[in-house]
Amino acid sequence: MNKQGASNFFKHAKEAVSKHSPEILTGIGIAGMVTTTVLAVKATPKALVLIEEKKKEERTDKLTPIDTIKVTWKCYIPAVVTGTASIACLVGASSVNARRNAALATAYQLSTTALSEYKDAVVETIGEKKEKAVKDKVAEKQIEKNPVAKSEVIITNSGDTLCFEPTSGRYFKSDIEKIRRAVNNLNEQMIHDIFGYVSLNDFYDELGLDHTDIGDDLGWNINEGQIKIDFSSQLTNDGTPCVVIDYDVRPTYGYDKIK
């Protein structure tokens, strides 16, 4: 391997380690905790021997806690060192994840703000009717990318109209009025709730849908405005009419931290 190749190898290795540092630190921390337990177990017989020798030397049947520590502490040095390093790795992994989540929340918020400003500019430039046509085209593309199958449709017992929720990419049976009531309920909840926010999973609850992994990470805060949605009528690949939900005010990261 030449010098340039070696340089590129170490560069990519460094990037890979940095990218996966939380997973690496967590793995080392868990392995370290297991090792700590093993070392502590192995050290115990040695410590018991030292305790017995000390009791014979002192001619006593029982040592005080302080004397016991003085006699045995060296046996547990490897376990303490390993345990401390393991805790540091786990704390480090948590810290890295926290920083990345904060950065992701900021980036998402900036993207959401930029999108909102862009949509406002589009309406001002081409007018509401043409902007609606653009939104319908986007909804059409979403349906094309997520073809429906009968086994994928979620029955919620709240309507017979086929609907599509773009964030989770799920089809379900409901109706427009049911969805509007869900929005009104959550907006009212935000207004009267002491915290003033709701999550995307709260919206899914109102629609009768299961929670998703990111449903608690995304949501709305009353200080950023109430939930606003629009609808686009489309046809699925099999010709079934479908209502596509469009969020005029999108759920954002960090919604529960907005003041």
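First things first, this report covers the structure right here in the doc. (Residues numbered from 1 in each chain as written. Predicted model: local features only at pLDDT ≥ 70, side-chain atom pairs only at ≥ 80, totals over all residues. Heavy atoms only, no water.)

## Here's the deal with the sheet that holds strand β5 (residues 218-221)
Filter applied, for reference: Only strands joined by at least two bridges in the DSSP assignment are considered to pair. The helix and strand labels rest on DSSP assignments: H or I over at least four residues marks a helix, E over at least two residues marks a strand, and numbering proceeds from the N terminus. A contact between two residues is defined here by any heavy atoms of the two lying within 4.5 Å. Orientation is described by axes fitted as lines to C-alpha atoms, over the contacting stretch for helices, and by angles from 0 to 180 degrees between their N-to-C directions.
In space, the three strands of this open sheet follow the order β4-β5-β8, with antiparallel pairing throughout. Two strands close off the open sheet at either side, each with one partner strand: β4 (197-199) and β8 (252-253). Here β4 runs beside β5; their pairing, made up of three bridges, is antiparallel. Each bridged residue has a counterpart across the sheet, and for Ser199 the counterpart in β5 is Gly219. Lying over the sheet, helix α6 (residues 176-192) contacts β4 and β5, oriented at roughly 140° with respect to β4. Running over the sheet, helix α7 (residues 200-207) touches β4 and β5 and is turned about 70° from β4.

## Focus on the packing of aromatic side chains
So the rule is basically this: Any two rings among Phe, Tyr and Trp, with Trp reduced to its six-membered ring, count as a pair given centres within 6.5 Å; such a pair is stacked if its planes are under 30 degrees apart, edge-to-face if over 60, and tilted if neither.
This model, assessed by the stated rule, comprises six aromatic pairs. The interplanar angle of 50° and the centroid separation of 4.8 Å between the aromatic rings of Phe164 and Tyr171 together place this pair among those described as tilted. One aromatic cluster is present, built from ring pairs that chain together Phe195, Tyr197 and Tyr255.

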